[in-house]
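If you want the building blocks of each chain, they are given just below.
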Amino acid sequence: MNEEGPLGSAESELLGSTLEPTGGVGEDVAAGANHTLFLSSDGTVWAWGQNSYGQLGNGSSSTTPQATPMQATGLPTIKAIAAGAYHSLALDTAGKVWAWGQNSYGQLGNGSITTTPQGTPVQIGGLPTITAIAAGLAHSLALDTNGVIWVWGNNSYGQLGTGSSGNNQPTPASVTLADGAVALVAGWHHSMALDTNGSVWSWGRNHYGQIGNGLAGATNQLTPYQVSLGVFSSATAVMAGGAHSLALLSNGTLKAWGYNGQGQLGLGSTTSQNLPQAVPGLNGVQRIAAGGYYTLAMNATGTVWSWGQDAQGQLGDGDASATNRISPYTLPSPSGALAIATGAYHAAALSADCRVWTWGSNNTAQLGNGTSDTNRHPTPGSILAWSRQLYFDGDMDGYGDPWQPAGPMCDVPPGYVTNKADCDDFDPGVFPGAAELCNGLDDDCSGEVDDGNPEGGDPCDTGLAGECGYGTLTCTGGALLCAQDQPPTSEVCDGLDNDCDVSVDEGVLLTFYRDADGDSYGTSGQTTQGCGAPPAGYVAIGGDCNDAKANIKPGATEVCDGVDNNCAGGIDEGVKNTYYRDADGDGYGNPSLATQACSAPAGYVTNSTDCNDANANIKPGATEVCDGVDNNCAGGIDEGVKITYYRDADGDGYGNPSLTTLACSVPAGYRTNSTDCNDANPNIKPGATEVCDGVDNDCDIPPNIDEGVKNTYYRDADGDGYGNLSQTTQACSAPAGYVANSTDCDDAYAHIKPGATEVCDGIDNNCAGGIDEGVKITYYRDADNDGYGTTSPTMQACSAPGGYVANSTDCNDANASIKPGVAEVCDGIDNNCNGSINEGNPGGGQSCNTGQSGVCAGGTTSCTLMGVSCYQNTQASAETCNGLDDDCDGSVDEGLCCGQQAGQTSQMQVAQSTYSHYMYHDNWCCIGSSCPSQCFEGTYYYSQYKINESCYWPGSNGSCYDPDATWFVTCGSWVQCTFDCNDTCVPGGC
């Protein structure tokens, strides 16, 4: 385990109960490393065992053990105790904490760190009212009435939970849980708490997984961590051992985690756990206690179980063989246990017959049986029988009269209690902890009358004037009086009578000016006085020269209106306007004829943008019409009024958006719409019936292919023939990796499918709804939670523990995206754990564009160590007469005649319709014996668009007409393009 000393602790109790047996008796036991404490019903503390550090609290320290119980000195009435390794804590009935023993790490919380033993209890200062305490190896914890945790002592592993480690804390520091704590415990180097929701929190050392966060190692938890307990997530008690942890759940079952080398988790094995695991064979547990390497539990009837290490007989099972127990064992004695406690190698218990029982190691007399020896003591022995001093409780308030004792005895008769804390047994409203009232009585038996200003603190009226009239109710002499809150002060302008002379703000009032027009400037002829902000209709600044108009005020902008707008003494200075002659009365002026005035003279306007002041219809903003005139004075003629028409080459009534012309009426072969997506096929057009052929038949927007006619297929990632209902695709036929059914319940594993054989792996293998029925299997650690485990470590179970799975095929358990069954991607990693990298050419096999020209543009993707790349399908070659760009230089059949006879280039103008066109002919060609001996290939041009190409005979239109005429668009400039009579084009500059 480690070389550190062990922890001692009392038991953790059921939430909402107390440590008291029937009758309200408050006895308890606690065990440290080598000493034992006993709390008697009268509030006294008794101790025995090792006292080298003064941990027995009897006023001294000694290397000689104390073999019989001895009372700790200097303590008030105590209601709770706790034992650390070599120090002790006590909580008195007033909520104060006391400490004694070793203080090498500041664990006594008195502000000092010293190696000198502290044999006398000292009260810890700086704490609010405390309700619970706990002691670790060398650190201490306390819980106040508001659910705040207070910590001090050793913090080598972050066991204080303050966010740091490596430092000792000699004075209490606070740690807060979001919902407030209700219970706390301390282990050797870790701490635990329970909040108001029943959630478990842990912090400190995590070398063996005792924090319960799924990890184990050198990384410590420096702040509280909420432990996940599974289905029954509400706990009622917690307990921390040397390096293991336990939680008692609301259903009476127990969960354990952390170090398990001695079987102290009770799981039937010696395998340590970093997540909570259910302890089998236990129910009805109400209290738990954890020693160094062993654990005790107790139910409501007082039955005690033990498990873990038994080297010194600390299990109390009477077995002389010192055999560890890895599962809970029922102790034959003591019967009717009321409380249990565990030290490093010894244990203690209280029984209902008023006896203290001890067992285990006795090397420092920690068993209190009058001896000190190195023998094992595996059988519980009774070392102390006590009797209870009782006191009559006449007013039945739960607190006894110290002047009416009875006893001593073990049982508590009606009308008697074990405490003598009542200071007035004739008044049931007077007892320790009662609410203090302003009545001249010590209601809470604190020794003070009316302490804490009871019933006071509310505001009241002193009856004095001004600010002196405010007071606070104060309990004085058993009566509530109104005490003045403040004395008279100098008068300030705040609407209050500060000097209490019945006058308000005298001599300090401010002057405000009437602002009738609301322009923030007032007139000096009408003022008022006040404090703070001006009253409604008044401002703090005067100087307005016209308080009837808000736009006339100091600083206003001067406007041309014959008025002094800015109250500066001048009128219309620098603000007259320029106006322009509007001879045609269209509202737009002539820029060459202007005048200055405050308002427009007749026949003048403020703008100068008219381009024709003799025609009222010609002006800026007029509608431009196609009439050869600049109607809107914008500098252009007929701009924006020509209509765009679209080429309809296939005659299906829908135009090509890429081939347009501008005109005032539609030309032949054009349409007003541009919605055709294929102008070479009349069957492809908007509204056509979509068929599953990989083509957008109906030209919808945005373009869709085969919409509404594809079939649904389901992803079969694991190749088992069954698809994933939540992962679908639409296609005309089943794509690779997809099937037509959707009944797979886990598409990451091929062996999980309908009809498969069910195995115990935490998975529904046959998709029938059942999991692992009737068999145990081996589970493998799945650190990255990807559903695939590694070969070590393993666990045997019938259902997968947290962080484990049923297979061991993961090749990288630190990366959830790397696992068997996933799609291999092109990244140089064995993604699917099959031993190969990038197999199957992932991302490859797809058509792609290499970015080159001609036949070199077509490529196929391929996966390499560098990623997915595009490799060309055809290499560049010499240019041949085939209508292709063989050498990938962007030109087709360049430099080749390709069946033509070289001829001269000429230009001739021909008339066609009402437009002028130009035809270029570049080559002579012969079309067989039926053609004239000289024909030429020509191309018509209109503007920058190629209109038609035909084979012409000079002077005889149509003699060598090419029936395969096509349409082309140039690259935005005049381009020469050679055609033969079979429509083979060789671009010459496109």
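Residues numbered from 1 in each chain as written. Predicted model: local features only at pLDDT ≥ 70, side-chain atom pairs only at ≥ 80, totals over all residues. Heavy atoms only, no water.

A word on the environment of G153. Along the chain, G153 turns up in strand 12 (residues 149–153). Note on G153: relative accessible area 0%, which makes it buried. It is 7.1 Å that separates the C-alpha atoms of G153 and L108, two residues lying 45 residues apart in sequence. Not counting the four nearest positions on each side in its chain, G153 is found in contact with Y105, G106, Q107, A138, H139, L160, N167, N168 and Q169. (Helix = DSSP H or I, 4+ residues; strand = E, 2+ residues; numbered from the N terminus. Buried < 20%, exposed > 50% of the residue type's maximum accessible area, 1.4 Å probe, protein only. Contact = heavy atoms within 4.5 Å.)

Take unusual backbone geometry next. Omega for the bond connecting I701 with P702 falls within 30 degrees of zero, at -5 degrees, which places this linkage in the cis form. Note on placement: P702 falls in the loop between strand 44 (670–671) and strand 45 (711–715). The step from S792 to P793 runs through a cis peptide bond, and the omega angle for that step is 0 degrees. Unusually for a residue other than glycine, N841 sits at a positive phi of about 55 degrees. With respect to the helices and strands, the residue N841 is situated in the loop between strand 50 (804–805) and strand 51 (847–849). Judged by its relative accessible area of 31%, N841 falls in the partly exposed class. Phi at C888 takes a positive value of approximately 55 degrees, unusual for a residue other than glycine. Within the element layout of this structure, C888 appears in the loop between strand 53 (867–872) and strand 54 (901–912). Taking relative accessible area as the criterion, C888 reaches 15% and is therefore assigned buried.

Here we take up the sheet that holds strand 33 (residues 459–461). Sheets are built from strands paired through backbone hydrogen bonds, the pairs being either parallel or antiparallel. Strand order across the open sheet formed by 3 strands is 33-34-35, with antiparallel pairing between neighbours. In the strand order of this sheet, the two ends are held by strand 33 and strand 35 (479–484), each with one partner. Strand-to-strand twist of the sheet, defined as the mean angle between neighbouring strand axes without regard to direction, takes the value 55 degrees. As paired strands, strand 34 (residues 470–476) and strand 35 are joined by 6 bridges and run antiparallel to one another. (Pairing = 2+ DSSP bridges. Axes fitted to C-alpha atoms, helices over the stretch in contact; angles between N-to-C directions.)

Once that is clear, we can look at the state of the cysteines. With the rule as written, the count across this model stands at 16 disulfides. Between the sulfur atoms of C460 and its disulfide mate C482 the distance is 1.9 Å. Its S-S torsion of about 100 degrees marks the bond between C460 and C482 as right-handed, since a negative value means left-handed. With C460 in strand 33 and C482 in strand 35, this residue pair connects regions lying 22 residues apart in the sequence. (Disulfide = S-S within 2.5 Å.)

Once that is clear, we can look at the confidence of the model for the chain. This prediction gives the chain a mean pLDDT of 84; 87% of its residues lie at or above 70. Low pLDDT, under 50, characterises residues 1–25; the predicted model gives this stretch 98 contacts beyond four residues in sequence or across chains. Here residues 899–990 scores under 50 on pLDDT; set against residues more than four positions off or in separate chains, the count is 172 contacts. (pLDDT = per-residue confidence, 0-100.)

In terms of burial, strand 48 (residues 777–781) is a largely internal element, 4 of the 5 residues being buried. Direction of pairing for strand 48 relative to strand 49 (residues 794–797): antiparallel, over a ladder of 4 bridges. By the bridge assignment, Y780 is partnered in strand 49 with T794. The pairing of strand 48 with strand 50 spans 2 bridges and is antiparallel.

So, about the sheet that holds strand 49. The sheet built from 3 strands is open, its strands ordered 49-48-50 with antiparallel pairing. Two strands bound the open sheet, and with one partner strand each, they are strand 49 and strand 50.

Following the sequence through the fold, N615 ends up in the loop between strand 41 (604–605) and strand 42 (643–647). In the structure, N615 is positioned 30 residues away from G585 in sequence and 8.8 Å away in space, judged by C-alpha atoms. Sequence-distant contacts of N615, defined by excluding residues within four places in its chain, comprise D584 and D586. In terms of polar contacts, N615 uses its side chain to reach the backbone amide nitrogen of N617, at 2.9 Å. (Polar contact = N/O pair within 3.5 Å; in protein donor to acceptor, adjacent residues only side chain to side chain.)

Buried residues dominate strand 20 (residues 254–258), accounting for 5 of its 5 residues. The two faces of strand 20 match: L254, A256 and G258 on one face and K255 and W257 on the other face are all buried. Examined bridge by bridge, strand 19 (residues 244–249) and strand 20 share 5 bridges and lie antiparallel to one another. If you follow L246 over to strand 20, its bridge partner there is A256.

Under the criterion given, the structure shown has 4 salt bridges. The partner of D310 in a salt bridge is R376, and the shortest N-O contact between them spans 3.2 Å. In this pair, D310 sits in the loop between strand 24 (304–308) and strand 25 (325–330) while R376 sits in the loop between strand 28 (355–360) and strand 29 (381–385), placing the two residues 66 residues apart along the sequence. In this structure R376 comes out as partly exposed when scored by relative accessible area, which is 21%. Two residues, D317 and R325, come together in a salt bridge whose shortest N-O distance is 2.8 Å. (Salt bridge = Lys/Arg side-chain N within 4 Å of Asp/Glu carboxyl O.)

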